[in-house]
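Below are the chains, spelled out letter by letter.
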Amino acid sequence: MGFNLESFIAQCQPIDLSVHIPRQEFEDRVERIRAEMKKRQVDVAIAFGNELRPGDTGWITNYDPQIEPTAVVIGLQKVFVLGGPEGKLYAEQSMQVGEFRCLQELKIPEEDYPGFDFFTLNEIFNEASSFPPKSVGLLTCLDIITQAFYELIINTPVQKVDMTDFLLKARYFKSKNELKCMRAASQIATYAMQAMIQSIKPGKRELEIAAVGEFVMKHFGADRIGVSTIVASGERASSVLGRASNRIIKEGEMILFSISPRYEGMASCVGRSVIVGEPNTNQKEIFQHVHHAYQLSIERIQYNAPARDADLVARNYLKQYDLEPLYSQIHNIGWTEAMEGYGAATQYSEFLFPKGIALQLDIGIFAKPFKSLKAETVGIRLEDPLCITHEGITENMTTLLPDVQELVKF
C-alpha cells in the first residue's frame, strides 16, 4: 500500500497554534535598543531587512516583508517601520510596534503609486527623535543592507555609529516565547520530513516529494519557508543547497533532504539522507560513520561546555575515513535559517555554550568519494534543531531522532 497523505496527517498530533511572541516583548526590545542608544550617545537608530534576511527588522517589529525590503527607525520618541506602498497594509497587520511610513527608495522599482505620501529618510530621522539628530546608529550589518539604501543613510547629515554588535548578540539569545515558537516550527519540520521520506517511490520526481513536505508544513501552521525545500537524488545528492527538481528518483540512489518551516517568524530545519531501496555495504558504512559523528557531537552541546569541542569531536572522527565535513557542524538559527551572523560553533571557536540559545547540529558530507561510492552521489546531511534552555538543559526540538537502521525508504 502506497503513502496516503490524508492518513498521515490524521495520525499526527495537532500543534498548538496559539503560541506566539506577545506585543510586550517587542516593546521591550525597542526599550533595550533605546537604552543602548543612550549608552552610545546615539540620537536615532536604523535596521534593514528583506525577504531573505528579515531578522533585524523582524526581531524589532514582527514584520516579515515580502518582495519590498523594509527598514526600522528607532528614535527616543517614536518608531517607524519603512517600506513601499504595496507592503503597507500587510506590515500594519503584523507589526507590533511603530508607525508605517512609505519611502520612495523601498517601493517596487518603476511602479507608480498615486495617492501615497512618500517621506525622505532625513524627515523620518527628525520625526523619530523630535529634533534634528546628530548621530545615527547602524543596527544591521553591511552585508545585508543594499548599496543604494546604505548610500541613502550615508547622505543624511548625521554621524554614523556602528551598533551591529548589539543587535547580533541580542538576537542570538532567544526568549522563552521565541523558543516556544521554535519548538512549534521544529515539530512542523518533523512531520514534513517524515511525510517526504514515507512518500519516496522510484519513478517519482523530486518536486513531487517536496510538494508533500510543503503541504504538510503549511497544513500544520508554517506560513513560509526558511530555505527552499531540498530533495536531491542520485548525482544531485552532492549539491548541498540544490532545490528539488524534476529529476526522476531511481532505486538504489541516495537522496538528500532538508525542510525549513517558519512559524511566527522563527525558522527551524530538519535534514536527512536516505537510500531508495536496499542500501549496499558502502552506503551502510558511510551512514554509520555519520551517525556516530552526530552522537559524538550532540553529547558535547551542553551549557558552559567549549563550543569548538562539539565540532572537533565529529570532525576528527570523520577525518579517519577521509570524510571531513564540508562545513562547521553547528550554526545559529532563529529569524533566518543558517544566516544569523553570530553564534556558529566552529573548530576555532573560543566561547562556551551559553543558556537561552537555539542552534542546528548539522553533520554534512558532500562530494566525498567513499570506496565504491562516487563523489557526485554522496550527499549526507544529518541535521536537527536544538536549544539550550534558560535553565541550561540541552533539548532536541525534533522527535525524528536519527537511526542508522532507517535508511531504506520507498
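Reading the values: rules and limits
Residues numbered from 1 in each chain as written. Predicted model: local features only at pLDDT ≥ 70, side-chain atom pairs only at ≥ 80, totals over all residues. Heavy atoms only, no water. Helix = DSSP H or I, 4+ residues; strand = E, 2+ residues; numbered from the N terminus. Rg over C-alpha atoms; globule rule 2.2 N^0.38 Å. Contact = heavy atoms within 4.5 Å. Areas by Shrake-Rupley, 256 points an atom, 1.4 Å probe, with all protein chains shown as cover. Phe/Tyr/Trp six-rings, centres within 6.5 Å; stacked < 30°, edge-to-face > 60°. Buried < 20%, exposed > 50% of the residue type's maximum accessible area, 1.4 Å probe, protein only. Domains from an automatic or database assignment. Buried area = accessible area lost by both parts, 1.4 Å probe. Salt bridge = Lys/Arg side-chain N within 4 Å of Asp/Glu carboxyl O. Polar contact = N/O pair within 3.5 Å; in protein donor to acceptor, adjacent residues only side chain to side chain. 1 Å grid on protein atoms, 1.4 Å probe; cavity = no way out; pocket = protein on both sides within 12 Å on 5 of 7 lines; lining within 4 Å. Points joined across faces, edges and corners; volume = space filled by probe spheres on them. Nonpolar A, V, L, I, M, F, W, Y, C, P; charged D, E, K, R; others polar.

A. Representation of the overall build of the protein. Counting its regular elements, the protein contains 11 helices and 15 strands. In summary, the protein has a C-alpha radius of gyration of 23 Å against a globular reference of 22 Å for 410 residues, a match within 12%. For the protein, the spread of C-alpha atoms along the three principal axes comes to 70 × 45 × 35 Å. Sequence separation of at least 24 residues holds for 70% of the intrachain contacts in the protein that already meet a minimum separation of 6. Of the roughly 17600 Å² of accessible surface on the protein, a fraction of 50% belongs to carbon and sulfur atoms.

B. Just the packing of aromatic side chains, in detail. With the rule as written, the count across this model stands at 10 aromatic pairs. Judged by centre distance (5.9 Å) and plane angle (80°), the ring pair of Y63 and Y90 falls under edge-to-face. In this pair, Y63 is assigned in the loop between helix 3 (55–61) and strand 2 (70–75) and Y90 in helix 4 (residues 88–94), connecting sequence segments 27 residues apart. For Y63, a relative accessible area of 2% translates into the label buried. Of the residues examined, Y90 reaches a relative accessible area of 38% and is grouped as partly exposed. Between Y172 and F173, the aromatic rings sit 5.0 Å apart at their centres with planes inclined by 65°, giving edge-to-face as the arrangement.

C. How the structure looks around the domain arrangement of the protein. Under the domain assignment, the protein is made up of domain 1 (23–172) and domain 2 (176–396). In this structure, domain 1 and domain 2 have C-alpha centres spaced 33 Å apart. With 15 residues of domain 1 in contact, the opposing surface of domain 2 contributes 17 residues. Buried area between domain 1 and domain 2, both sides added, is near 1500 Å², and the carbon and sulfur share of it is 50%. Looking at the side of domain 1 facing domain 2, the largest losses of area belong to R53, R171 and Y172, adding up to 43% of the total buried there. The tally of links between domain 1 and domain 2 comes to 4 salt bridges. One salt bridge connects R171 with E340, and the closest N-O pair in it is separated by 2.8 Å. Counting the contacts that link domain 1 with domain 2 gives 6 residue pairs in polar contact (both at pLDDT 80 or more). Of all the secondary structure elements, the ones that give two or more residues to the side of domain 1 that touches domain 2 are helix 2 (23–39), helix 3 and helix 7 (164–172). Residue contributions to the side of domain 1 that touches domain 2 peak at 4 residues, all from helix 7.

D. Representation of the pattern of salt bridges in the model. The full count for this structure, using the stated rule, is 28 salt bridges. Among the salt bridges present, the one from E25 reaches R29, with a minimum N-O distance of 2.8 Å. Taken together, the residues span about one helical turn, with E25 and R29 both in helix 2 at a distance of 4 residues. When sorted by exposure, E25 lands in the same class as R29, which is buried. Measuring nitrogen to oxygen at the nearest pair gives 3.9 Å for the salt bridge that ties R381 to E383. Residue classification places R381 among the buried positions, given a relative accessible area of 4%. If you follow the salt bridges from partner to partner, you end up with K78, E99, R101 and E127 in one network.

E. Representation of the layout of surface pockets within the structure. Considered as a void within the structure, the largest pocket measures approximately 640 Å³ in volume. The wall of the largest pocket is formed by 32 residues, among which V227, L241, E337, A338 and M339 lie closest to the centre. Sort the elements by how many residues they give to the lining of the largest pocket and strand 8 (residues 224–233) lands first, with 6 residues. By residue class, the composition of the lining of the largest pocket is 14 nonpolar, 9 polar and 9 charged. Both domains that meet at the lining of the largest pocket, namely domain 1 (23–172) and domain 2 (176–396), each give it at least three residues.

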